[in-house]
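# Observations on the model geometry
So you can see what is in the structure, the chains are spelled out below.
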Amino acid sequence: MMGILNKVFDLNKRELKRLDKLATKIDALAADTEKLTDDQLREKTEEFKARYQKGETLDDLLVEAFAVVREGARRVLGLYPYHVQLMGGISLHEGNISEMKTGEGKTLTATMPVYLNALSGKGVHVVTVNEYLASRDATEMGELYQFLGLTVGLNLNSMDKDEKQAAYACDITYGTNNEFGFDYLRDNMVLYKEQKVQRPLFYAVIDEVDSILIDEARTPLIISGSAQKSAVLYIQANAFVRMLTKETDYTYDEKTKGVMLTEEGISKAEKAFGIENLFDMSHVTLNHHINQALKANVSMHLDVDYVVQEGEIVIVDQFTGRLMKGRRYSEGLHQAIEAKEGLEVQNESMTMATITFQNYFRMYEKLAGMTGTAKTEEEEFRNIYNMNVIVIPTNRPIARDDRADLIYSSMDGKFRAVVEDIAERYQKGQPVLVGTVAIETSELISNYLTKKRIPHNVLNAKNHEREAEIIAEAGHSGSVTIATNMAGRGTDIKLGEGVIEVGGLAVIGTERHESRRIDNQLRGRSGRQGDPGITQFYLSMEDELMRRFGSDNMKAMMQKLGMDDTQPIQSKMVSRAVESAQKRVEGNNFDARKQLLQYDDVLRQQREIIYSQRDEVLESENLREIVQKMIQNAIQRNVDAHASRHEDEEDWDLQAIVEYVHGALLHEGDISVDNLKGKDPEEIVDTIFAKVNERYEEKEQILYPEQMREFEKVVTLRAVDSKWIDHIDAMDQLRQGIHLRAYGQIDPLREYQHEGFAMFEAMIQSIEDETAMYIMKAEIRSNLEREEVAKGQAVNPKEDGEPVKKKPKVKQIDVGRNDPCICGSGKKYKNCCGAGK
């Protein structure tokens, strides 16, 4: 074990040696850089940019660039980065985590790698835990960047699209992890490429990296929305479908379980719902509900495909016959079956987009971070984010006195001792910071102090400007601050006058956190930059961590020795036991986060495919080839189902193919069984596709080219968005119920990957089928407009307003009453869409 530890420390030593050499080279340029005028210093930025464009790498520019920023900081901020800060900055540039103790100037350290990487012109993101810190750092450090000729943007939750675009267009953009993540999700829901705000993700520096990448890693960002589907419509569609008769109104295909309305059925639907054209783009939702109601009534059978249990529809696995609790059919089929069985139609929970911080930040080309406490989680940073933790030495030796834990037998005794300790220190004017794990504890101690008439501030971890102010004043003489352990991260506690003489800041911990990192974070609040300080943890045998890991024996021993609540024990053995308990909890938490990531990776791969395809649709000037490929795939699937090479020709069902083509692609009579007889499957596909192309050409002739191109985009985007949203919801349901498979000796993760892949394949086919049907069947209106499938809202924090929809410019078509109708029906305009005009 010691061998492994030595290797780890040797690695850190070797790295520090290398960083020290580079930092010495930067030091060597100090005198020359100092001689430059302000203008000459500024000109260096343009020189570096030009050299980068000509082929020099950022590594080549590092020594000179760091020297320029260092000199700029002295002139603008009155701060001059120390040698160790140069080392921390180089480590950040290389995509690692610089562990720097509190008060060592992490914010200033980051300016050097941020400046260097911004020279690439690709945009650098500086990520903080809250908007107050983002605003503070953007303002303070922004002065330095602007002095050196770079632009600085601030990305806030309250901004609209244009303000965000301006912020992201800057060389350096400050913001919170939440906002960067939500912007990425929203960018992949826009209807026009001009509405996107982010550029490709290049380099991010994360402040308090352990808080964002570890503590918040299990909380996914979610944009949820209200679907434009209502329970009433499911019930109405179900009632309508029950009146239809097979063959006359719809055709059913046993093999594919496909149900399609005939021309007669379509007419009945239009009459029943009082509309002119079921395939008009404004009736997509109604058409979808009718199709799902048809599927539910005709192809889904009670006690075969599903059962009803306790008022709920439970799916039956068609291969094993097992009940698949927790699974729901996607695309509204589940609701349609609920309507069919007379059950309460459950509202569709619409998760429109989701991503974990783990997967969002792994998309950056290069990722770096800084914090005072990361070494204990080094394995996780290396395994998941491919980042090494480099412990940067302090500028001055640490003079803080970290005392051994005091252990009491009861909680009451512990809190009384804590309050006595605070009172003593308050009397002599020593500032005290009390760290608590829970809000209740902070309120309990506050009550004790109020009774003793000791003035104090209570801080719970709700980040706001007042918090930073209170933390900043916590080092003044006689000040007492009670805070949850995470409060005030990123804000320095500077010591007031006369505080060094009374021993510096005293940090009192009221119990150990389940993570050593959080305890170290609390300790690190004291003893900044070589200041004196003291830290003391008070524990009791009744603390949660002690209870979880067998403190009963110790408690019994204390009672045997006749120790009461006023006598603590200071035992290295107990402290070691606490630390090993913390290590076990940390290990369990790491495993939980790792498992979450393995599950989320399934969705990540799918998300990347869908988002890149969606981008292709937005970027492309002409989608005709893509759409035709989709139509061809849809035809191919249907032909494969009914005219397989592995079957005798007598067993082929050509009539089913013809019915599918008439229902989804062409008008009745365009293709007959005789057209397909005697042909092999490839020839059948080619015959149908040729006829579809003819119809496509006819549509092209009637419309202006830009109208046809916009129509293709409207249909494709709608199909992709609606199917993807349904798919995310279905994957979420699968994820929630998958652990039950473990009871059947099945690995839930393997099963999730397998089923998730099958569901994704089915979704892609569904997108192709829907796009093919609407492109060929829908009527094209002259006022065509892209529409959101559902209104989205960031679950947390509040949404920053929907982007204004930009309408495409579409020429009005002047159609004569006796001209062929623009919908491609073949009828005259006056007898078709122009009727009644």
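Residues numbered from 1 in each chain as written. Predicted model: local features only at pLDDT ≥ 70, side-chain atom pairs only at ≥ 80, totals over all residues. Heavy atoms only, no water.

Rules: UniProt positions are given in the numbering used here, feature names are shortened, and annotations may be inferred rather than shown by experiment.
The chain goes by Protein translocase subunit SecA in an unreviewed UniProt entry, where it is assigned to Neobacillus bataviensis LMG 21833. Note on the chain: under the UniProt heading Function (unreviewed entry), the record states "Part of the Sec protein translocase complex. Interacts with the SecYEG preprotein conducting channel. Has a central role in coupling the hydrolysis of ATP to the transfer of proteins into and across the cell membrane, serving as an ATP-driven molecular motor driving the stepwise translocation of polypeptide chains across the membrane." Its UniProt record gives the chain a comment under Sequence similarities (unreviewed entry), which states: "Belongs to the SecA family."

### So, helix α27 (residues 681-702)
What counts is decided by this rule: Strands are runs of DSSP state E lasting at least two residues, helices are runs of H or I lasting at least four, and both sets are numbered from the N terminus onward. Multiplying 1.5 Å by the helix residue count minus one yields the expected span of that helix. Burial here depends on accessible area, computed with a 1.4 Å probe over protein chains only, as a share of the maximum for the residue type. Under 20% is buried, over 50% is exposed, and the range in between is partly exposed. Taking the helix axis as origin, the arc is that swept by the directions to the C-beta atoms.
For α27, spanning 22 residues, the distance from its first C-alpha to its last is 32 Å, which sits close to the expected 32 Å at 1.5 Å a residue. By the burial criterion, the buried members of α27 are P681, I684, V685, I688, F689, V692, R695, Y696, K699 and E700. On an axial view of α27, the arc spanned by its buried residues comes to 150 degrees, and they lie on one face.

### Side note on the pattern of salt bridges
Counted only if it meets this: When a carboxyl oxygen of Asp or Glu lies within 4 Å of a side-chain nitrogen of Lys or Arg, that pair is called a salt bridge.
For the structure shown, the criterion picks out 54 salt bridges. The partner of E179 in a salt bridge is R186, with the nearest N and O atoms 2.9 Å apart. By relative accessible area, which is 1% here, E179 ends up buried. The exposure class assigned to R186 is buried, which follows from its relative accessible area of 13%. Put simply, E700 and R624 hold a salt bridge, and the shortest N to O gap is 3.5 Å. Of the two residues, E700 sits in helix α27 while R624 sits in helix α24 (residues 624-642), which places them 76 residues apart along the sequence. Sharing partners across several salt bridges, the network here consists of E34, D38, E71, R74 and R75.

### Brief notes about the sheet that holds strand β2 (residues 124-128)
Under the convention used in this document: DSSP calls a pair of strands paired once it identifies at least 2 bridges connecting them. Angles run from 0 to 180 degrees between N-to-C directions of axes, and those axes are lines fitted to C-alpha atoms, restricted for helices to the stretch in contact. When checking whether two residues touch, look at their non-hydrogen atoms; a contact exists if any pair is within 4.5 Å.
The strand order across the open sheet formed by 7 strands is β3-β4-β2-β5-β13-β1-β14, and the pairing between neighbours is parallel. Each end of this open sheet is capped by a strand with a single partner; those strands are β3 (152-155) and β14 (389-391). Along the sheet, successive strands turn relative to each other by an average axial angle of 20 degrees, direction set aside. Where strand β1 (residues 97-99) meets strand β13 (residues 366-371), 3 bridges bridge the pair, whose relative direction is parallel. Bridge assignment links S98 to a residue of β13, and that residue is M370. On top of the sheet, helix α6 (residues 106-118) reaches β2, β4 (172-176), β5 (203-207) and β13; it is set at about 175 degrees to β5, its chief contact.

### Considering the environment of L92
You can see L92 is positioned in helix α5 (residues 83-93). By relative accessible area, which is 0% here, L92 ends up buried. Along the primary structure L92 and T109 are separated by 17 residues, whereas in three dimensions their C-alpha atoms are 8.8 Å apart. Sequence-distant contacts of L92, that is, excluding residues within four places in its chain, are made with S98, T109, A110, P113, Y203, A368, G369 and M370.

### Some words on the UniProt feature "coiled-coil region" (unreviewed entry) in the chain
Residues annotated by UniProt as "coiled-coil region" (unreviewed entry) correspond here to residues 12-39. What you have in residues 12-39 is 89% helix and 0% strand, and the ends, taken at the C-alpha atoms, are 39 Å apart.

### What about the sheet that holds strand β9 (residues 306-309)?
The 3 strands are arranged β9-β10-β11 in an open sheet whose pairing can be described as antiparallel. Where the open sheet ends on each side, the last strands, each with one partner, are β9 and β11 (323-324). Direction of pairing for strand β10 (residues 312-316) relative to β11: antiparallel, over a ladder of 2 bridges. In the sheet register, I315 faces β11, and the bridge partner there is M324. Those strands touched by helix α14 (residues 333-340) are β9 and β10, and its axis lies near 120 degrees from that of β10.

### Concerning the UniProt feature "binding site: ATP" (unreviewed entry) in the chain
How we decide: Here a polar contact means two N or O atoms within 3.5 Å. Within protein one must be a hydrogen donor candidate and the other an acceptor candidate, and residues neighboring in sequence count only if both atoms are side-chain atoms.
UniProt's feature table lists "binding site: ATP" (unreviewed entry) at Q85, G103, E104, G105, K106, T107 and D492, given in the numbering used throughout. Look at Q85 and you get buried, because its relative accessible area is 3%. Sequence-distant contacts of Q85, that is, excluding residues within four places in its chain, are made with Y80, M100, E104, G105, L108, T109 and M112. Of the polar contacts made by the side chain of Q85, one reaches the backbone nitrogen of Y82; its length is 2.7 Å. In this structure, G103 sits in the loop between β1 and α6.

### Concerning unusual backbone geometry
Non-glycine residue E310 carries a positive phi angle of around 50 degrees. For E310, the location among the structural elements is in the loop between β9 and β10. Residue classification places E310 among the exposed positions, given a relative accessible area of 84%. For N386, which is not glycine, the phi dihedral falls at a positive 60 degrees. Looking at the element boundaries, N386 is found in the loop between α16 (378-385) and β14. With relative accessibility at 67%, the residue N386 sits in the exposed group.

### Let's talk about the packing of aromatic side chains
Spelled out, the test is: A pair of aromatic rings is counted whenever rings of Phe, Tyr or Trp (Trp by its six-membered ring) have centres within 6.5 Å, and the orientation is called stacked for planes under 30 degrees apart, edge-to-face for over 60 and tilted otherwise. Only Lys NZ and Arg CZ are tested; either one counts as a charge over a ring when it is within 6 Å of the ring centre and within 35 degrees of the ring normal.
What the rule picks out here adds up to 12 aromatic pairs. With centroids separated by 5.6 Å and ring planes inclined at 70 degrees, the aromatic side chains of F240 and F273 adopt a geometry described as edge-to-face. Of the two residues, F240 is situated in helix α11 (residues 231-241) and F273 in the loop between α12 (263-272) and α13 (284-299); the sequence distance between them amounts to 33 residues. With a centroid separation of 5.0 Å and 70 degrees between ring planes, the pair formed by Y360 and F361 is classed as edge-to-face. Of the two residues, Y360 and F361, neither departs from the other in class, the shared state being buried. Here the aromatic residues Y184, F357, Y360, F361, Y364, Y611 and W724 are joined through ring pairs into a cluster of three or more. A cation over an aromatic ring shows up here: K366 above the ring of Y203, its NZ or CZ 4.8 Å from the ring centre. Above the ring of F537, the side-chain terminus of R512 is found at 5.2 Å from the ring centroid.

### Things to note about the environment of I266
Among the secondary structure elements, I266 is positioned in helix α12. Separated by 13 residues in the primary sequence, I266 and F279 place their C-alpha atoms 9.1 Å from one another. What I266 contacts, discounting residues up to four positions off in sequence, is L261, L278 and F279.

### Some words on the nonpolar core
Put simply, the test is: Residues enter a nonpolar core if they are buried and are Ala, Val, Leu, Ile, Met, Phe, Trp, Tyr or Cys, with the set joined through side-chain atoms within 4.5 Å. Boundaries between domains were set according to an automatic or database domain assignment.
In terms of nonpolar packing, the biggest core is built from 59 residues, with L278, I290, I631, I635, L665 and I688 touching the most fellow members. Mapping this core onto the domain boundaries places at least three of its residues in each of domain 2 (230-346) and domain 4 (602-780). Setting aside chain neighbours within four positions, we find I688 in contact with I635, V639, I657, V661, I671 and L676. With 55 residues, the next largest nonpolar core counts L213, Y360, L367 and V389 among its residues.

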